[in-house]
Amino acid sequence: MAAKKIKHDGRITAIHGSNITVTILSKSACTSCEAKGLCNSSEIKDKDIDIKYFGTETWEVDQLVNVAMKPSMGSKAVLYGYLFPFLFLIAALIAVSAITPNEIIVGLSALGGVVLYFVILWLFREKLNDTFIFEIEKFVDTQSICK
């Protein structure tokens, strides 16, 4: 059985040739909470996603659409965004603490290692964009899919 795709509602904000920019509203689980008015959580924000579309469907600006991706891409994003930087942090802490007992240098070096990791990630962003593939589909209410 094929894995279901993760879908989010979105609105087309720009079309440039085969590149379509879709803005999705990213909602946290607490948006449906009864006490959300009392909370200072700012977990809701718009995100722009650039999609390369080579199909035959015609799209218009301000059209409601669904943005879909494979669940495996979410796991890959967690690896790149959380696990690998954490490993860089731990590796830098261990390596530099073996060299010097100065905790300030050890801490700054560990943070520098994480910054270096994200700079490298930013330098290879075009290659990463090719690995994270989003699809655009006609709008279907995904209220029951993404909460």
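Just so you know, these numbers come straight off a predicted model, no measurement behind them.

(A) Representation of helix H2 (residues 103-123). For H2, spanning 21 residues, the distance from its first C-alpha to its last is 30 Å, which sits close to the expected 30 Å at 1.5 Å a residue. For H2, the full list of buried residues reads Val106, Ala110, Gly113, Val114 and Tyr117. Seen from one end, H2 has its buried residues packed into an arc of 90°, which puts them on one side. Residues of H2 that are exposed and point over 90 degrees away from its buried face: Ile104, Leu108, Leu111, Val115, Trp122 and Leu123.

(B) Broad picture of the pattern of salt bridges. In total, this model carries 4 salt bridges according to the counting rule given. The salt bridge involving Lys5 is made with Glu135; its shortest N-O contact spans 2.4 Å. Here the residue Lys5 occupies a position in the segment before strand S1 (6-16), and Glu135 occupies one in strand S5 (residues 135-138), the gap between them amounting to 130 residues. Taking relative accessible area as the criterion, Glu135 reaches 31% and is therefore assigned partly exposed. One salt-bridge network, in which partners are shared between bridges, spans Lys5, Lys7, Glu135 and Glu137.

(C) Inspection of the nonpolar core at higher detail. Among the nonpolar cores identified, the biggest contains 11 residues, and these are Ile12, Ile20, Val22, Ile24, Ile49, Ile51, Tyr53, Trp59, Val65, Val67 and Ile136. Listed by contribution, the elements that provide at least two residues to this core are strand S2 (19-26), strand S3 (45-52) and strand S4 (64-69). Broken down by element, the residue count for this core peaks at 3 residues, all from S2. Setting aside anything within four residues of it in sequence, one finds Ile24 in contact with His8, Asp9, Gly10, Lys45, Asp46, Lys47, Ile49 and Val67.

(D) Looking closely at the side chain of Asn66. With respect to the helices, strands and loops of the structure, Asn66 is situated in strand S4. The class of Asn66 is buried, set by a relative accessible area of 0%. Within polar-contact distance, the side chain of Asn66 engages the side chain of Asp9 at 3.0 Å.

(E) Representation of the packing of helix H1 (residues 71-99) against H2 within the structure. Following both chains from N to C, one finds H1 and H2 inclined at 145°, their axes separated by 8 Å at the closest point. As H1 packs across H2, the resulting crossing turns out to be right-handed. Of the residues in H2, those in contact with Leu79, Tyr80, Gly81, Phe84, Pro85, Phe88, Leu89, Ala92, Leu93, Val96 and Ser97 of H1 are Ile105, Val106, Ser109, Ala110, Leu111, Gly113, Val114, Tyr117, Phe118 and Leu121. When the residues that make up the contact of H1 with H2 are grouped by side-chain class, the tally is 17 nonpolar, 4 polar and no charged.

(F) Focus on the environment of Lys76. Examined against the element boundaries, Lys76 turns out to sit in helix H1. Of the residues examined, Lys76 reaches a relative accessible area of 31% and is grouped as partly exposed. Sequence separation of Lys76 and Phe132 is 56 residues, and the distance between their C-alpha atoms is 8.7 Å. Sequence-distant contacts of Lys76, that is, excluding residues within four places in its chain, are made with Thr131 and Phe132.

Rules of the game
- Residues numbered from 1 in each chain as written.
- Predicted model: local features only at pLDDT ≥ 70, side-chain atom pairs only at ≥ 80, totals over all residues.
- Heavy atoms only, no water.
- Helix = DSSP H or I, 4+ residues; strand = E, 2+ residues; numbered from the N terminus.
- Expected span 1.5 Å × (residues − 1).
- Buried < 20%, exposed > 50% of the residue type's maximum accessible area, 1.4 Å probe, protein only.
- Arc of directions from axis to C-beta.
- Salt bridge = Lys/Arg side-chain N within 4 Å of Asp/Glu carboxyl O.
- Core = buried A, V, L, I, M, F, W, Y, C linked by side-chain atoms within 4.5 Å.
- Contact = heavy atoms within 4.5 Å.
- Polar contact = N/O pair within 3.5 Å; in protein donor to acceptor, adjacent residues only side chain to side chain.
- Axes fitted to C-alpha atoms, helices over the stretch in contact; angles between N-to-C directions.
- Left-handed = near helix turned anticlockwise from the far one by under 90°.
- Nonpolar A, V, L, I, M, F, W, Y, C, P; charged D, E, K, R; others polar.

Read these as spatial facts, not as claims about activity.
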